[in-house]
Amino acid sequence: MTAQQSSELTSVTLPDAITVKGLSERLGISPVEVIKRLMTHGVMAAMNDTIDYETAALVSSELGIAPSPEAAPQAVAAVIRSDEEQSEDGDPRPPIVAILGHVDHGKTSLLDSIRETNVVAGEAGGITQHIGAYQIERGGKPITFIDTPGHAAFTAMRARGAQITDVAIVVVAADDGVMPQTIEAINHVRAAEVPMIIAINKSDLPAANPDRVKQQLTEQSVVVEDYGGDVLAVPVSATTGAGLDDLLESIDLVAEIQELKASTDSLATGTVVEAELDSRRGPVATVLIANGTLRQGDALVSGLISGKVKAMFDERGDRLSEAGPSRPVRIMGLEDVPAAGDAIEVIESERSARRIVEEARREAESSTGVRHGGLTLETLFNEVGAGNVKELLLILKTDVRGTAEAIRGSLQGLGTGEVKIKVIHTATGSVSESDVMLADASGAIILAFNVRTEPSAASQAETNGVEIRTYDVIYQLIESVDQALEGLYEPIYERIVDGVAEVRQLFRSSRVGQIAGCYVTEGTLLRGDGTRVLRDGQEVADTNCAGLRRFQDDVREVQQGFECGVVLEQFDNFQEGDLLEFYHQKRVN
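The rules behind each value
Residues numbered from 1 in each chain as written. Predicted model: local features only at pLDDT ≥ 70, side-chain atom pairs only at ≥ 80, totals over all residues. Heavy atoms only, no water. Helix = DSSP H or I, 4+ residues; strand = E, 2+ residues; numbered from the N terminus. Buried < 20%, exposed > 50% of the residue type's maximum accessible area, 1.4 Å probe, protein only. Contact = heavy atoms within 4.5 Å. Areas by Shrake-Rupley, 256 points an atom, 1.4 Å probe, with all protein chains shown as cover. Axes fitted to C-alpha atoms, helices over the stretch in contact; angles between N-to-C directions. Parallel < 35°, antiparallel > 145°, perpendicular 65-115°, else oblique. Nonpolar A, V, L, I, M, F, W, Y, C, P; charged D, E, K, R; others polar. Core = buried A, V, L, I, M, F, W, Y, C linked by side-chain atoms within 4.5 Å. Polar contact = N/O pair within 3.5 Å; in protein donor to acceptor, adjacent residues only side chain to side chain. Pairing = 2+ DSSP bridges. Salt bridge = Lys/Arg side-chain N within 4 Å of Asp/Glu carboxyl O. Arc of directions from axis to C-beta. Phe/Tyr/Trp six-rings, centres within 6.5 Å; stacked < 30°, edge-to-face > 60°. Right-handed = clockwise from strand over helix to strand, strands pointing away. Expected span 1.5 Å × (residues − 1). Left-handed = near helix turned anticlockwise from the far one by under 90°.

Trainee: Outline the overall build of the chain, listing residues and values.
Mentor: Looking only at helices and strands, the chain has 15 helices and 33 strands in total. Expressed as a percentage of its 589 residues, the buried residues of the chain come to 47%. Nonlocal contacts in the chain, meaning residues at least 24 apart in sequence, comprise 69% of its contacts between residues at least 6 apart. As displayed, the chain has an accessible area near 28,700 Å², and 46% of this comes from carbon and sulfur atoms.

Listed below in structure tokens is the structure:
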């Protein structure tokens, strides 16, 4: 755009964030001119630096060009089917079935028998090492199966399998009965609110005892039809093939009741089931289509990754030109390897896809990367009062079974008229990643009594905003939950000082107000930390750090011995000689 063209410009749309160079192009002026105008407002930015909408709009207005916010691109939402998302006007789609259960109870062998192919032979030790998605046909009707690992090390993958399915088959060996991982599988299916079918495998063995299995299931509140319940239980044998037709018929029945439908004309959405970096093909992702039709050449976004479908294949390696709802496909063309479980969405153009990813990356970089939106004992009372919580879901981990039953009974007696308490999973042993995954999926709080939390589980809980509370006295555990329900719970925090800085110079910015030029005398200053302003030994403010700047760069932290600019939230009345104490809170109870 030339300067003459810019004089004819009366309005411009601007995104939430834009580079100085990008703004100059939109306004039709040189980047140098933009930099000069920014400097008059106390903003020091280079040509490739990013500025926010308000700052860009200020420059635009000074030139007599009316700014307006650009419509934000549609974010990629998680693909989780619900009754509300089932389109009444859509076309019928095949059901997606997950197979779950205890290790070595014959899940993959059962799927192998259904598909009449040999999947198990390719697995190390006969134990599934990754999720596989396959489609079969029965009477001309396709059914998609997801084979999920049953070993404890892959519990998170199993939970993900339950959440992207319409029907879950829980396999129980007729000779072995209900095992701990069987119970975990059942609880994951319940958390995902997916209809359940019990496949009692190995029914041909002499030691098979299907009635014992049904009785054990009843103890887990899974009541099969033979016992007056509504859960279908089908005796099968993966070895002989006995009962497989009955199992497939049960799947058809459950799927028919759900009236599964999806649009085939819209832009495709789906979920990444697994992904890998192939040495010849580059990033390859197995995707389960949820809605719409995926075609070769479509532009895609998955998380912080964009790309274009260069080629796609079915589970047998046959090339496809398109794939509709409930179809599993392996696709090539993404710029990087996406995370399993990520949503994937077709975007109108590659340019739009790249823009969405760029803005998502920018937002991710500006955030701490930690989500704190989960339910906690502190927030419970307010959430109940707002009508957001009708049921408090708990996961209970204890050192011994007897203690677990005693605590469980006491907790269930605490419910009020507004909220009920439901313990969705009880087990002995340390808090594991599987427990955190279940809590995250269901919105539960984990209570640990006399047991430790595995480091990987603690890290995952912090990332996902899952609360883990640890106790060593039973009455304290019960009292904490009771107080939370009554709105009386008050956690105790300890203030941990991260760093101290001395204010040595003052600057004024038309955009952010007063900026404190500081020298870090102790520790490390962290953006987002709590900050106390101390003057002559007296506290004059207690707020948060809104920004740190070194030279022209916004930074996350500044260490001892360095100078920086500090901006605080709702405080700019600095004086030279003030001490700024940066701290974070650590809960001790």
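Picking up after the structure, the text goes on.
Trainee: A description of the packing of helix 5 (residues 107-115) against helix 9 (residues 244-258) should follow, citing residues and the corresponding values.
Mentor: Where helix 5 meets helix 9, the closest approach of the two axes is 11 Å, and the angle between their N-to-C directions is 90°. Judged by the angle between their axes, helix 5 and helix 9 are roughly perpendicular. Here Leu-110, Ser-113 and Ile-114 of helix 5 come into contact with helix 9, specifically with Leu-244, Leu-247 and Leu-248. For the contact of helix 5 with helix 9, the class distribution of residues is five nonpolar, one polar and no charged.

Trainee: I'd like a description of the nonpolar core, backed by residues and values.
Mentor: Counting residues in hydrophobic clusters, the biggest one holds 23 residues, and the most contacted among them are Leu-110, Ile-114, Phe-145, Ile-169, Ile-197, Leu-247 and Ile-251. When residues of this core are traced back to their parent elements, those giving at least two are strand 6 (96-101), helix 5, strand 7 (132-138), strand 8 (141-147), strand 9 (167-173), strand 10 (196-201), strand 11 (232-235) and helix 9. Here this core gets five residues from one element, more than from any other, and that element is helix 9. Among all residues touching Ile-169, those that are not within four sequence positions of it are Val-97, Ala-98, Ile-99, Leu-100, Phe-145, Ile-197, Ala-199, Leu-247 and Ile-251.

Trainee: Any chance you could break down the side chain of Ser-60 for me, citing the residues and the numbers?
Mentor: Secondary-structure assignment places Ser-60 in helix 4 (residues 53-62). Taking relative accessible area as the criterion, Ser-60 reaches 0% and is therefore assigned buried. Polar contacts involving the side chain of Ser-60 include one to the main-chain carbonyl oxygen of Ile-65, which spans 2.6 Å. Apart from the residues within four sequence positions on either side, Ser-60 is in contact with Val-12, Leu-14, Leu-27, Ile-65, Ala-66 and Pro-67.

Trainee: Residues and numbers for the pairing of strand 28 (residues 530-535), please.
Mentor: A large share of strand 28 lies buried, amounting to six of its six residues. Residues Gly-530, Arg-532 and Leu-534 line one face of strand 28 and the alternating positions Thr-531, Val-533 and Arg-535 line the opposite face, and both faces are buried. Across six bridges, the pairing between strand 28 and strand 29 (residues 538-550) is antiparallel. Looking across to strand 29, one finds that Thr-531 is bridged to Thr-543. Hairpin connection, strand 28 to strand 29: the antiparallel pair is bridged by two residues, and Asp-536 has positive phi, about 55°.

Trainee: Give a description of unusual backbone geometry that names residues and reports values.
Mentor: Its identity is not glycine, yet Lys-202 carries a phi of approximately 60°, on the positive side. Its location among the elements puts Lys-202 in the loop between strand 10 and helix 8 (210-219). With a phi close to 60°, Asn-450 is a non-glycine residue in the positive phi region. For Asn-450, the position within the fold is in the loop between strand 24 (445-449) and helix 14 (455-464). Taking the relative accessible area as the measure of exposure, Asn-450 reaches 42% and is therefore partly exposed.

Trainee: A description of the pattern of salt bridges should follow, citing residues and the corresponding values.
Mentor: Under the criterion given, the structure shown has 16 salt bridges. In this structure, the salt-bridge partner of Lys-214 is Asp-226, at a minimum N-O distance of 2.4 Å. In this pair, Lys-214 is assigned in helix 8 and Asp-226 in the loop between helix 8 and strand 11, connecting sequence segments 12 residues apart. Between Glu-350 and Lys-308 there is a salt bridge, with the nearest N and O atoms lying 3.9 Å from each other. Here Glu-350, found in helix 10 (residues 350-366), pairs with Lys-308, found in strand 17 (residues 305-313); they are 42 residues apart in sequence, far enough to count as distant.

Trainee: I'd like to hear about helix 14, residue by residue, with values.
Mentor: For helix 14, the complete set of buried residues consists of Ala-457, Gln-460, Ala-461 and Asn-464. Buried residues of helix 14, viewed axially, fall in a sector of 100°; they line one side. Next to the buried residues of helix 14 lie helix 13 (433-442) and strand 25 (468-471). Just downstream of helix 14 lies Gly-465, where phi reads positive at about 70°.

Trainee: Go over the sheet that holds strand 22 (residues 391-398) with me, naming the residues and quoting the values.
Mentor: Note: strands within a sheet are paired through backbone hydrogen bonds, in either parallel or antiparallel orientation. Pairing is parallel across the open sheet formed by four strands, whose spatial order is 23-22-24-25. The sheet terminates laterally at strand 23 (420-428) and strand 25, the two strands that pair on one side only. When strand polarity is set aside, the average angle formed by the axes of neighbouring strands in this sheet is 25°. Two elements, strand 24 and strand 25, share four bridges in a ladder whose sense is parallel. Across the sheet, Leu-447 pairs through a bridge with Arg-469, a residue of strand 25. Along the sheet face, helix 13 touches strand 22, strand 23, strand 24 and strand 25 and points at about 175° away from the line of strand 22.

Trainee: So what's going on with the packing of aromatic side chains? Residues and values would help.
Mentor: Counting across every chain of the model gives one aromatic pair. Ring geometry for Phe-571 and Phe-574: centres 5.2 Å apart, planes at 90°, overall edge-to-face. Residue classification places Phe-571 among the buried positions, given a relative accessible area of 14%. A relative accessible area of 3% places Phe-574 in the buried class.

Trainee: Which residues make up the pairing of strand 24, and what values do they have?
Mentor: As a general feature of sheets, a regular strand has side chains that alternate between the two faces. Burial analysis of strand 24 places five of its five residues in the buried class, which makes it a mostly covered element. Here strand 24 shows no split at all, with Ile-445, Leu-447 and Phe-449 on one side and Ile-446 and Ala-448 on the other all buried. Taken together, strand 24, helix 14 and strand 25 constitute a β-α-β crossover, and its handedness is right-handed.

Trainee: Before we move on, could you go through helix 9 and cite the residues and values that matter?
Mentor: With 15 residues, helix 9 ought to run about 21 Å at 1.5 Å a step, and its terminal C-alpha atoms sit 21 Å apart, in line with that. Every buried residue of helix 9 is listed here: Leu-244, Leu-247, Leu-248, Ser-250, Ile-251, Asp-252, Val-254 and Ala-255. Just downstream of helix 9, Glu-259 is the residue with a positive phi angle, here 50°.

Trainee: Tell me what's going on with the packing of helix 13 against helix 14, and back it up with residues and numbers.
Mentor: At a minimum axis distance of 8 Å, the contact between helix 13 and helix 14 shows a crossing angle of 20°. One finds that helix 13 runs roughly parallel with respect to helix 14. Where helix 13 crosses over helix 14, the two elements pack in a sense that is right-handed. Here Glu-433, Val-436, Met-437 and Asp-440 of helix 13 lie close against helix 14, whose contacting residues are Ser-456, Ala-457, Gln-460, Ala-461 and Asn-464. Each residue belonging to the contact of helix 13 with helix 14 can be placed in one class, and the counts come to four nonpolar, three polar and two charged.

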